[in-house]
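Below, each chain spelled out in residue letters.
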Amino acid sequence: MKPAPFAFLRPATLEEALAALAGEPGAKVLAGGQSLVPLLSMRLAAPSMLIDINALPDLGHVTPDATGVRVGALARHAHVLASAEAAEVQPLLALALSHVAHPTIRNRGTTVGSLVHADAAAEMPMVLRLLEGSVDVESVRGRRTVPAGELFAGPLESTLAHDEIAVEAFFPALPAGAGVAFQEIARRHGDYALVGVAALVETDGGEVTRARLGYVSVSDVPVVVDVTDALDDPAAAALAELEPADDIHATAAYRAHLVKVLTPRVLADAVHHARQRSAQKDEKDMA
Amino acid sequence: MSAPTPEELHDVRLHVNGSVHEVQVPARRLLSDALRHDCGLTGTHVGCEHGVCGACTVLVDGAPVRSCLMFAVSAVDAEITTVEGLTEAEDTLSPVQQAFSDCHGLQCGFCTPGFLTTITAGLKDNPDPTEDEAREMIAGNLCRCTGYQNIVKSVLRAAEIERERA
Ligand SMILES: Cc1cc2nc3c(=O)[nH]c(=O)nc-3n(C[C@H](O)[C@H](O)[C@H](O)COP(=O)(O)OP(=O)(O)OC[C@H]3O[C@@H](n4cnc5c(N)ncnc54)[C@H](O)[C@@H]3O)c2cc1C
Ligand code: FES
Ligand code: FES
């Protein structure tokens, strides 16, 4: 239960970190370590070098504006969750983050690290996909923006190249007339979900014009399903695209059952949220 | 066969409980092991060593963190508080420590250091928790002995002691 030996760098600038990463094919980035260190201790990973990015400047920001919330690579889950302004701009962030692990893990784990780690059992990769957000990555070759739809390659696998560091995630704002909801079933609050479901609906005059659902822990990648044309039986539409699997925590049949129970509940919550926000906006406009 | 190259050692200056510890460690030395082996502070316990049990929880700049999920070489800029650092002047037990004693909040004591650090920080954020909030405060820590009831009582009692001492 101890990691294999590795070389260690704790660079003070992003340029230095990127150059080191580009120069060492066996190197890995160390952010909060809440996923990587267990993998090292269990010897499921044995990188030749760790590049600790925790001393890099200017990456700890959580910056909400009218378009959305920008989250720097060193913003801990706890900081993002604590930002009332971020929750105002995109309420799904706080709804989902309160289910990400326990507070002690959130004090250290980064939201961007969770996105790059690309665990289908993690809440934030699904949230980024559902909101159609993106991640900005840098390497010695320059900077590029990866849309959420192109970020997740497979189980625990993102499409980042080996020499790239994710520097910022962008979670788009919740537009007027839209609503969100999130629920998950876990053995204890803070444990990984057996199944988690989020909904994002857009309404116009109270009518649903677009409805999408995101699923955690059901398939081996974060899955988003458009149910706009299946509002009478959204769970069936979702299950047609999901591949629930057995593991030590739950059977595939139980997961499918949870999808059936949670889907209509979460969708109804999101519709309610959208109508509530529209009503509040109408009141404001009248005043 | 050539002899294996010796592992590179790093000079690390750790700030623990208000003292400075200069230690020489390989990069892979977990903070939990550095505290126990290199600093001799064996109050921090190691259970699962992968972040699940909470026994190794210490305060890093005041916030509870798993010391088994940090490397000592990453802790250079941090102010660390272990269970030994909770005790107040002249060996007076801290409110949380006193409450565990009052309420029989421990049996074997293996999990206790992690609970004490977690609750100390938790009560700073929420000095007057309800029973539900007390339960939520300790939800990330495992205890195999007590059944948790007396730990929940200890959280509430600790809040009371803090008010009495204020
Ligand atoms: C007990 C426990 C329970 C947990 N429960 C949950 C849960 O319920 N839900 C959940 O979502 N998560 C959970 N987690 C995981 C936690 O959210 C992690 O913090 C997160 O998955 C990874 O973020 P990190 O900063 O710790 O990344 P690290 O562990 O440092 O890194 C993870 C991976 O991403 C790479 N990486 C990280 N940051 C970058 C970057 N900026 N650029 C390029 N590569 C990068 C690393 O190289 C590594 O491969 C749990 C963890 C523990 C220990
Ligand atoms: S030993 Fe660190 S959480 Fe179990
Ligand atoms: S008192 Fe024994 S594990 Fe908690």
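Residues numbered from 1 in each chain as written. Chains lettered and ligands numbered in written order. Predicted model: local features only at pLDDT ≥ 70, side-chain atom pairs only at ≥ 80, totals over all residues. Heavy atoms only, no water.

Chain B has the name (2Fe-2S)-binding protein in an unreviewed UniProt entry, where Nocardioides baculatus is given as its organism.

For chain A, the name recorded in an unreviewed UniProt entry is FAD binding domain-containing protein, with Nocardioides baculatus as its organism.

**Student:** Please explain the site of ligand 1 as it appears in this structure.
**Tutor:** Around ligand 1 lies a shell of 33 residues, among which Val29, Gly33, Leu36, Thr110 and Glu123 of chain A are the nearest. Surrounding ligand 1 is a set of residues that belongs to chains A and B. Measuring from an oxygen atom of ligand 1, one finds a backbone N or O atom of Ala31 of chain A at 2.9 Å. Between ligand 1 and His77 of chain A, the relevant distance is 3.0 Å, taken from an oxygen atom to a side-chain nitrogen or oxygen of the residue. The protein chains hide 94% of the 970 Å² of surface that ligand 1 would expose on its own. Only strand 2 (27-30), helix 7 (111-117) and strand 10 (165-172) of chain A provide two or more residues apiece to the shell around ligand 1. At five residues, the largest contribution of residues to the shell around ligand 1 is made by helix 7 of chain A. For the shell around ligand 1, the per-class residue count stands at 16 nonpolar, 13 polar and four charged. (Near = heavy atom within 4 Å. Polar contact = N/O pair within 3.5 Å; in protein donor to acceptor, adjacent residues only side chain to side chain. Areas by Shrake-Rupley, 256 points an atom, 1.4 Å probe, with all protein chains shown as cover. Helix = DSSP H or I, 4+ residues; strand = E, 2+ residues; numbered from the N terminus. Nonpolar A, V, L, I, M, F, W, Y, C, P; charged D, E, K, R; others polar.)

**Student:** Even after reading the chapter, I still don't get helix 1 (residues 14-23) of chain A, so can you show me in this structure?
**Tutor:** Along an α-helix, a turn takes 3.6 residues, which lines up residues three or four apart on a common side. All names here are of chain A. The complete set of buried residues in helix 1 reads Leu14, Ala17, Leu18, Ala20 and Leu21. Projection of helix 1 onto a plane perpendicular to its axis shows the buried side chains occupying an angular sector of 165 degrees, all on one side. Residues of helix 1 that are exposed and angled more than 90 degrees away from the buried face: Glu15 and Gly23. Buried-residue contacts for helix 1 involve strand 1 (7-9), strand 2, strand 3 (49-52), strand 6 (134-139) and strand 10. (Buried < 20%, exposed > 50% of the residue type's maximum accessible area, 1.4 Å probe, protein only. Arc of directions from axis to C-beta. Contact = heavy atoms within 4.5 Å.)

**Student:** Help me out: how do you make sense of the interface of chain B and chain A in this one?
**Tutor:** Think of interface size as the accessible area that goes away when the parts come together; that is how it is often given. Between chain B and chain A, the contact holds 28 residues from the first and 27 residues from the second. It is Arg28, Leu69 and Phe71 of chain B in chain B that bury the most area against chain A; as a group they hold 26% of the surface buried on that side. Scanning the region where chain B abuts chain A turns up three salt bridges. Residues Asp33 of chain B and Lys2 of chain A are paired through a salt bridge, measuring 2.6 Å at the closest nitrogen-oxygen approach. Summed over the shared surface of chain B and chain A, the result is nine residue pairs in polar contact (both at pLDDT 80 or more). Broken down by element, the residue count for the side of chain B that touches chain A peaks at four residues, all from strand 4 (residues 63-66) of chain B. (Buried area = accessible area lost by both parts, 1.4 Å probe. Salt bridge = Lys/Arg side-chain N within 4 Å of Asp/Glu carboxyl O.)

**Student:** What is the right way to read the packing of aromatic side chains from this model?
**Tutor:** For any two aromatic rings, the description comes down to two numbers: the centre-to-centre distance and the angle of the planes. One pass over the structure, following the stated rule, counts one aromatic pair over all chains. Look at Phe6 of chain A and Phe71 of chain B: their rings are 5.2 Å apart centre to centre, the planes differ by 70 degrees, and that puts the pair in the edge-to-face class. Taken together, the positions of Phe6 of chain A in the segment before strand 1 and Phe71 of chain B in the loop between strand 4 and strand 5 (79-81) put the pair across two chains. Residue classification places Phe6 of chain A among the buried positions, given a relative accessible area of 9%. (Phe/Tyr/Trp six-rings, centres within 6.5 Å; stacked < 30°, edge-to-face > 60°.)

**Student:** Whenever I open this one, helix 9 (residues 234-241) of chain A confuses me. Can you help?
**Tutor:** All names here are of chain A. Residues of helix 9 that are buried include every one of Pro234, Ala235 and Ala238, and no others. Buried residues in helix 9, looked at end-on, bunch into an arc of 95 degrees, giving them a common side. Where the residues of helix 9 are buried, they touch strand 13 (207-216), strand 14 (223-226) and helix 10 (252-286).

**Student:** Explanation requested: unusual backbone geometry in the structure shown.
**Tutor:** With glycine set apart, most residues show a phi of negative sign, and most peptide bonds adopt trans. Residue and element names in this part refer to chain B. In this structure, Asn17 takes a positive phi of about 50 degrees despite not being glycine. Along the polypeptide, Asn17 turns up in the loop between strand 1 (9-16) and strand 2 (19-26). Phi is positive for Tyr148, close to 75 degrees, though the residue is something other than glycine. Assignment of secondary structure puts Tyr148 in the loop between helix 4 (131-137) and helix 5 (149-165).

**Student:** Looking at this model, I keep getting lost on the environment of Gln183 of chain A. Mind explaining?
**Tutor:** Residues and elements named next belong to chain A. Its place among the elements puts Gln183 in strand 11 (residues 178-185). Put simply, Gln183 and Ala153 are 30 residues apart on the chain and 25 Å apart in space, counted from C-alpha to C-alpha. When sequence neighbours within four positions are dropped, the list of residues in contact with Gln183 reads Val195, Gly196, Val197, Leu262, Arg265, Val266 and Asp269. Polar side-chain contacts of Gln183 include one of 3.1 Å to the side chain of Asp269.

**Student:** Explain the nonpolar core to me, please; I cannot follow it from the model alone.
**Tutor:** Nonpolar side chains in soluble globular proteins tend to be buried together. Ranked by size, the top nonpolar core spans 56 residues in total, and within it Met124 and Phe171 of chain A carry the most contacts. Ignoring anything within four residues of it in the chain, the contact list for Met124 of chain A reads Leu93, Ala96, Leu97, Val100, Thr111, Ser114, Leu115 and Phe171 of chain A. Core analysis: the next-biggest nonpolar cluster, separate from the first, contains 33 residues, Val37 of chain A together with Leu14, Val58 and Ala78 of chain B among them. (Core = buried A, V, L, I, M, F, W, Y, C linked by side-chain atoms within 4.5 Å.)

**Student:** Hey, could you run me through the sheet that holds strand 6 of chain A in this one?
**Tutor:** Within a beta sheet, neighbouring strands are joined by backbone hydrogen bonds and run either parallel or antiparallel to one another. Residue and element names in this part refer to chain A. Ordered by their spatial adjacency, five strands build an open sheet running 4-5-10-6-7, and the pairing between neighbours is antiparallel. A single partner strand is all that each edge strand has here, and the edge strands are strand 4 (62-65) and strand 7 (142-147). Adjacent strand axes in the sheet meet at a mean angle of 20 degrees when their direction is disregarded. Judged from the five bridges that link them, strand 6 and strand 10 form a sheet pairing that is antiparallel. Paired with Val135 across the strands is Ala169, a residue of strand 10. Here helix 8 (residues 123-130) sits on the sheet and contacts strand 6 and strand 10; the angle it forms with strand 10, its principal contact strand, is near 55 degrees. (Pairing = 2+ DSSP bridges. Axes fitted to C-alpha atoms, helices over the stretch in contact; angles between N-to-C directions.)

**Student:** I'm lost on the pattern of salt bridges in this one. Help?
**Tutor:** It is possible for side chains of opposite charge to pair when their charged atoms get near one another. Evaluated as defined, the whole model comprises 24 salt bridges over all chains. Across the salt bridge formed by Glu160 of chain B and Arg157 of chain B, the nearest N and O atoms sit 2.7 Å from each other. With Glu160 of chain B and Arg157 of chain B both in helix 5, this residue pair falls three residues apart, about one helical turn. Several salt bridges converge on common partners, so that one network encompasses Glu132, Glu202, Arg210 and Arg212 of chain A.

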